[in-house]
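Secondary and tertiary structure notes
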Amino acid sequence: MRRLFGAFVKLPGLLLAVLPVVGVVDAALAADCRTEVRALLVQSAPAADAVSAVRQLCTAASARGEADASYQLALLDLGPDGWHPERAIPLITQAADAGVPEAQYWLAWQQDTGPLLPNNPDESLRWYQAAAAQSHRLALARLADAYEFGELGLTPAPARATELRAQAAQCAAKSAL
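Here the structure is a predicted model, which means the values were calculated and not measured.

**Section: the confidence of the model for the protein**
Summarising the model, the protein shows a mean pLDDT of 88, and 85% of its residues fall at 70 or more. Of the regions scoring below 50 in pLDDT, residues 1-22 engages in 27 contacts with residues more than four places distant in sequence or in other chains.

**Side note on helix H3 (residues 67-76)**
Buried residues dominate H3, accounting for ten of its ten residues. Along H3, the positions that sit buried rather than exposed are Ala67, Asp68, Ala69, Ser70, Tyr71, Gln72, Leu73, Ala74, Leu75 and Leu76.

**Points about the nonpolar core**
By size, the foremost hydrophobic cluster in this structure holds 46 residues, and its most contacted members are Val37, Tyr71, Ile92, Ala103, Trp106, Leu107 and Tyr128. Contributions of two or more residues to this core are made by helix H1 (21-41), helix H2 (48-63), H3, helix H4 (85-97), helix H5 (101-112), helix H6 (121-132), helix H7 (137-149) and helix H8 (158-176). Sorting elements by how many residues they give to this core places H3 first, with seven residues.

**Describing the packing of H4 against H5**
Running from N to C, H4 and H5 point in directions that differ by 125 degrees, and their axes come no closer than 7 Å. Judged by the inter-axis angle, H4 sits oblique to H5. By crossing handedness, the relation of H4 to H5 is classed as left-handed. For the pair formed by H4 and H5, the contact residues are Ile89, Ile92, Thr93, Ala95 and Ala96 on the first element and Ala103, Gln104, Trp106 and Leu107 on the second. Taken together, the residues of the contact of H4 with H5 sort by class into seven nonpolar, two polar and no charged.

**Structural notes on unusual backbone geometry**
Within the chain, Ser135 stands out as a residue other than glycine whose phi angle is a positive 65 degrees. Structurally, the position occupied by Ser135 is in the loop between H6 and H7. Positive phi is not limited to glycine here, since Leu152 has a value of about 55 degrees. Positionally, Leu152 belongs in the loop between H7 and H8. You can call Leu152 buried: its relative accessible area is 10%.

**Details of the pattern of salt bridges**
Using the criterion set out here, one finds eleven salt bridges in the structure. Residue Arg55 is joined to Asp77 by a salt bridge in which the shortest nitrogen-to-oxygen separation is 2.6 Å. Taken together, the positions of Arg55 in helix H2 and Asp77 in the loop between H3 and strand S3 (78-79) put the pair 22 residues apart, joining distant regions of the chain. Taking relative accessible area as the criterion, Asp77 reaches 1% and is therefore assigned buried. Here Glu151 makes a salt bridge to Arg142, at a shortest N to O gap of 2.6 Å. Judged by relative accessible area, which is 30%, Glu151 ranks as partly exposed. Among the residues examined, Arg142 registers a relative accessible area of 16% and is labelled buried. By sharing partners, the salt bridges in this structure join Arg55, Asp77, Asp81 and Arg87 into a single network.

Procedures and definitions
Residues numbered from 1 in each chain as written. Predicted model: local features only at pLDDT ≥ 70, side-chain atom pairs only at ≥ 80, totals over all residues. Heavy atoms only, no water. pLDDT = per-residue confidence, 0-100. Contact = heavy atoms within 4.5 Å. Buried < 20%, exposed > 50% of the residue type's maximum accessible area, 1.4 Å probe, protein only. Helix = DSSP H or I, 4+ residues; strand = E, 2+ residues; numbered from the N terminus. Core = buried A, V, L, I, M, F, W, Y, C linked by side-chain atoms within 4.5 Å. Axes fitted to C-alpha atoms, helices over the stretch in contact; angles between N-to-C directions. Parallel < 35°, antiparallel > 145°, perpendicular 65-115°, else oblique. Left-handed = near helix turned anticlockwise from the far one by under 90°. Nonpolar A, V, L, I, M, F, W, Y, C, P; charged D, E, K, R; others polar. Salt bridge = Lys/Arg side-chain N within 4 Å of Asp/Glu carboxyl O.

So this is what it looks like as structure tokens:
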């Protein structure tokens, strides 16, 4: 039993804790935002009213301090709601600073090879490491390559590259479950 507006959450036989109701509502709003943005991203031409409704949902979650919702809003500005990198990049940076691993990876990737941000190996490495610290599979894989080939200012370290590849493989296996 999971009650969104209740004070207790019970999962398979466990009573977890008394949760602040607002936190539960905020988390649910952010999860709905992510789910709805993902649904729009796989459509070739989502309806404008659907994009608008999802933007409102994500804006509400972002206004409540849900950093992932800010990242999801940015994704809307890089596709389903037009091409607006000038709006998206500050939102992605805000989410990355708040610890959203997908946003951290996006900044790393753009500063590594992408066209939207200037190439900056030091910043790219910093963001890849932040995302990898949260088990972001693609960040782990990119760092493995960087250690193997001595990229991003790193000294080649084959053993470290092997460790990171193993971690990335674990992430891939977990996501396949």
